[in-house]
Amino acid sequence: MNTFTRRDFIQQTAALSGGLGCAAIGGLTGAAGPPEINPAALARLQAKLKGRLVLASDAAYETARRVFYWNPRTEQKPVGIVQCGDEEDAVRAVEFAREFSLEVAVRSGGHSHLAWGSSNGLVIDLSPLKRISVDPERRIVRAQAGVTSGEVARAVGEHGLVPVLGQCPGVGATGVTLGGGLGWLSGLFGASCDNLLSTRVVTADTRTLEVNAETHPDLFWGMRGAGANFGVTTSFEARLQSIDQVFGGDIHFAVSDARTVLRGFSDLMYEAPDGFQATLNLTLGERGIFLSLCHSGEETERDQLLRKIRSIAKPIKEAVRRQPFADHAEKAAATNSGRGPSPTFRAIQTVYRDRITDDVIDIIVDQLTNASPDVILGLSHYMHGEVCRVKPDATAFPHRAAHSVHLRAAFAWSDSKTNEQRLAWGDKWLRLLRPTSDERIYANYQTYETKAGSRSLFGPNYDRLLALKNQYDPTNFFRRNANIAPSRS
Ligand SMILES: Cc1cc2nc3c(=O)[nH]c(=O)nc-3n(C[C@H](O)[C@H](O)[C@H](O)COP(=O)(O)OP(=O)(O)OC[C@H]3O[C@@H](n4cnc5c(N)ncnc54)[C@H](O)[C@@H]3O)c2cc1C
């Protein structure tokens with residue numbers, strides 16, 4: 001068994017501290033190259049699988065090892081990627097990784113900010129598992145772990161229902177839920193994890209557990225915000241809500257109005273009704289400044305909101321309409337830099353702030369002025385409504401303070417000669433915007449480590465989570481995640 005000590009963790013983290021070099025968080029530095037494994041053992045593993053084992057010698061390897069955020073600091077070279085054909089494949093993969101002391105990465109949608117869905121050991125890729133079944137009477141969806149948020153929205157939308165998942169359609173529904181899950185409808189219905197009803201989990205000792213409030217109340221509590229720590233979730237069940245149409249889309253403003261729009265956004269969101277959510281994106285690229293919004297509520301309320309938005313500054317373009325939620329949810333993610341070929345590298349830095357202060361606005365405007373066109377700065381998940389009414393210790397996801405907001409800088413490039421320069425730009429953005437005290441990090445958006453370590457992630461819930469980690473994963477077998485290092489690792 002691979003024993004990754006606390007000292008290793010601290011050494012690796014210290015070596016890379018100060019920026020995006022957080023590949024150490026969760027257990028690894030960059031791509032060291034895969035350890036050698038006997039080919040016969042790999043062949044035996046493949047023979048046991050319903051799915052496929054992709055190895056470095058396969059043409060599919062380069063695609064299979066890649067995840068969404070990929071750059072020299074997060075790149076990983078797995079020994080193999082197990083593309084699961086069923087739940088049993090996850091069990092086989094865990095057994096194999098234990099036998100050969102391989103570090104495991106568990107992947108669903110591959111959207112982790114630090115490429116936690118890949119590793120230099122064995123990747124357990126659930127993304128081929130796509131079965132979704134909807135119980136419209138009970139308003140429940142049961143899905144295998146590989147479904148994306150957009151796929152769930154589409155499937156349940158056929159029944160006039162909506163899931164409470166993240167904003168980006170490509171994000172794994174499982175990944176987003178296990179880490180908390182903030183989305184268009186969180187003001188009305190809470191976080192994704194608040195709507196989780198059960199999960200099936202393969203643990204580090206290869207048991208398969210049906211985890212819900214009755215069978216494992218403590219573990220179920222931990223699954224809702226810190227879930228990647230406790231095993232491979234192979235399927236889940238979640239509560240659905242009854243909304244047919246929403247009003248949503250993008251309203252664009254001139255880049256020269258950046259400061260005014262940021263102030264106006266802050267005022268708008270401070271008084272936002274539960275049924276309204278908006279994300280502000282700012283780029284010097286083709287998309288300019290755009291406010292992406294989603295409203296579910298009375299028309300009079302909607303019209304009032306539109307009047308407020310239009311009074312912030314003169315919109316230069318509007319693409320908003322009433323539409324099925326699934327159509328709204330399917331729109332391109334804000335962090336995509338636009339048309340054209342996919343970039344070779346992508347990176348992101350995110351910061352959680354209590355408030356949108358004047359200082360924050362000044363820094364964002366200043367950074368925008370100096371940014372390259374692929375950079376998209378954003379303010380997402382303005383916290384308000386139902387998600388803030390749920391107590392911080394009701395689930396493992398604690399960061400629910402009203403009026404707090406997530407800031408991000410996403411950037412993408414293809415010229416490897418500029419790697420250091422690009423990553424250094426992100427490091428600087430982070431340094432400028434990190435709070436000086438009481439730093440908190442949302443598990444799903446972790447891009448750096450704080451001095452307080454995992455306490456920044458889980459706040460008052462940390463000690464209870466540590467006890468759970470000690471019980472269910474005492475060797476930190478599952479560590480490529482927003483990690484709680486067990487006491488004796
Ligand atoms: C473009 C973009 C938009 C985003 N939008 C939002 C948003 O609106 N709201 C929000 O809250 N977050 C958002 N996120 C963050 C996202 O929720 C996290 O990155 C999330 O962890 C991604 O899950 P995944 O399955 O896609 O990623 P992966 O990289 O596959 O996994 C991410 C983490 O979850 C773990 N994990 C994934 N699947 C399983 C499983 N089946 N069992 C056990 N552990 C698992 C992984 O081990 C890893 O630690 C966004 C990210 C991106 C890149």
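Owing to the predicted nature of the structure, the values given are computational and were not obtained by experimental measurement.

## Some remarks on the overall build of the chain
Moving on, step 1. Secondary structure assignment for the chain yields 16 helices and 16 strands.
Moving on, step 2. Taken over the C-alpha trace, the chain has a radius of gyration of 21 Å; the compact-globule value for 489 residues is 23 Å, and the two agree within 12%.
Moving on, step 3. Referenced to the eigenvectors of the C-alpha coordinate spread, the extents of the chain come out at roughly 65 × 55 × 45 Å.
Moving on, step 4. Counting only residues that meet the buried cut, the chain has 60% of its 489 residues in that class.
Moving on, step 5. Long-range pairs, those at least 24 residues apart, make up 72% of the contacts in the chain between residues at least 6 apart in sequence.
Moving on, step 6. Of the roughly 19,000 Å² of accessible surface on the chain, 48% is carried by carbon and sulfur atoms.

## Comments concerning the UniProt feature "domain: FAD-binding PCMH-type" (unreviewed entry) in the chain
Moving on, step 1. Summarizing the sequence annotation, UniProt attributes the feature "domain: FAD-binding PCMH-type" (unreviewed entry) to residues 74-243 in the numbering used throughout.
Moving on, step 2. A helix fraction of 25% and a strand fraction of 24% characterise residues 74-243, whose end C-alpha atoms lie 39 Å from each other.

## Points about the domain arrangement of the chain
Moving on, step 1. The assigned domain composition of the chain is domain 1 (6-126), domain 2 (132-239) and domain 3 (245-445).
Moving on, step 2. At the interface, 29 residues of domain 2 touch 35 residues of domain 3.
Moving on, step 3. Both faces considered, domain 2 and domain 3 share a buried interface measuring about 2,400 Å² in area, 64% of it formed by carbon and sulfur atoms.
Moving on, step 4. When the buried surface of domain 2 facing domain 3 is broken down by residue, Arg154, Leu182 and Trp184 rank first, second and third, together holding 31% of it.
Moving on, step 5. Our count for the contact surface shared by domain 2 and domain 3 stands at 3 salt bridges.
Moving on, step 6. In this structure, Arg400 engages Asp194 in a salt bridge whose closest nitrogen and oxygen atoms are separated by 2.7 Å.

## Here we look at empty space enclosed by the protein
The method is simple in principle: a probe with the dimensions of a water molecule rolls over the atoms, and the space it marks as empty is what remains.
Moving on, step 1. Throughout the structure, instances matching the rule amount to 12 cavities of 30 Å³ or more.
Moving on, step 2. Estimated volume of the second largest cavity: approximately 70 Å³.
Moving on, step 3. Forming the walls of the second largest cavity are 13 residues, and the residues nearest its centre are Pro163, Val164, Leu165, Phe236 and Ala238.
Moving on, step 4. Looking at the lining of the second largest cavity, the elements with two or more residues in it are helix H6 (173-178) and strand S9 (232-239).
Moving on, step 5. Among the elements that line the lining of the second largest cavity, the one with the most residues is S9, at 3 residues.
Moving on, step 6. Here the lining of the second largest cavity is composed, by residue class, of 9 nonpolar, 3 polar and 1 charged.

## Describing the confidence of the model for the chain
Moving on, step 1. Overall, the predicted model of the chain reaches an average pLDDT of 92, with 91% of residues at or above 70.
Moving on, step 2. Note that pLDDT drops below 50 for residues 1-24; the model gives that stretch 56 contacts with residues more than four away or on any other chain.

## Looking at the site of the ligand
Moving on, step 1. The ligand sits among 36 residues. The nearest are Val106, Ser108, Gln167, Leu182 and Tyr442.
Moving on, step 2. Within the side chain of Tyr442, one N or O atom sits 2.6 Å away from an oxygen atom of the ligand.
Moving on, step 3. In this structure, Asn444 approaches the ligand through a side-chain N or O atom, which is 3.3 Å from an oxygen atom.
Moving on, step 4. Isolated, the ligand exposes 940 Å² of accessible area, and the fraction of that covered by the protein chains is 96%.
Moving on, step 5. Mapped by element, the contributors of at least two residues to the shell around the ligand are strand S3 (104-107), H6 and S9.
Moving on, step 6. The element contributing the most residues to the shell around the ligand is H6, with 4 residues.
Moving on, step 7. Split into classes, the residues belonging to the shell around the ligand amount to 15 nonpolar, 19 polar and 2 charged.

## Re the sheet that holds strand S10 (residues 245-253)
Moving on, step 1. As summarised here, the arrangement of the 7 strands in space is S13-S10-S12-S11-S15-S16-S14, forming an open sheet in which the pairing is antiparallel. Single-partner strands in this sheet number two, and they are strand S13 (315-324) and strand S14 (345-353). On average, each strand axis in the sheet is inclined to that of its neighbour by 15°, with strand direction left out of account.
Moving on, step 2. Judged from the 7 bridges that link them, strand S11 (residues 276-282) and strand S12 (residues 289-295) form a sheet pairing that is antiparallel. Opposite Asn281, over in S12, you have Phe290 as the bridge partner.
Moving on, step 3. Together, S10, S11, S12 and strand S15 (376-380) form the strand contacts of helix H9 (residues 258-270), whose direction differs from that of S11 by roughly 165°.

## Some thoughts on the pairing of S9
Moving on, step 1. The buried count for S9 comes to 7 of 8 residues, which makes it a mostly enclosed element.
Moving on, step 2. In this sheet, S9 lies alongside strand S6 (residues 140-144) in antiparallel orientation, the contact comprising 5 bridges. Paired with Gln144 across the bridge in S9 is Ser235.
Moving on, step 3. Inspection of the sheet shows strand S7 (residues 196-202) paired to S9 by 6 bridges, in the antiparallel sense.

Reading the values: the criteria
Residues numbered from 1 in each chain as written. Predicted model: local features only at pLDDT ≥ 70, side-chain atom pairs only at ≥ 80, totals over all residues. Heavy atoms only, no water. Helix = DSSP H or I, 4+ residues; strand = E, 2+ residues; numbered from the N terminus. Rg over C-alpha atoms; globule rule 2.2 N^0.38 Å. Buried < 20%, exposed > 50% of the residue type's maximum accessible area, 1.4 Å probe, protein only. Contact = heavy atoms within 4.5 Å. Areas by Shrake-Rupley, 256 points an atom, 1.4 Å probe, with all protein chains shown as cover. UniProt positions renumbered as here; feature names shortened; annotations may be inferred. Domains from an automatic or database assignment. Buried area = accessible area lost by both parts, 1.4 Å probe. Salt bridge = Lys/Arg side-chain N within 4 Å of Asp/Glu carboxyl O. 1 Å grid on protein atoms, 1.4 Å probe; cavity = no way out; pocket = protein on both sides within 12 Å on 5 of 7 lines; lining within 4 Å. Points joined across faces, edges and corners; volume = space filled by probe spheres on them. Nonpolar A, V, L, I, M, F, W, Y, C, P; charged D, E, K, R; others polar. pLDDT = per-residue confidence, 0-100. Near = heavy atom within 4 Å. Polar contact = N/O pair within 3.5 Å; in protein donor to acceptor, adjacent residues only side chain to side chain. Pairing = 2+ DSSP bridges. Axes fitted to C-alpha atoms, helices over the stretch in contact; angles between N-to-C directions.

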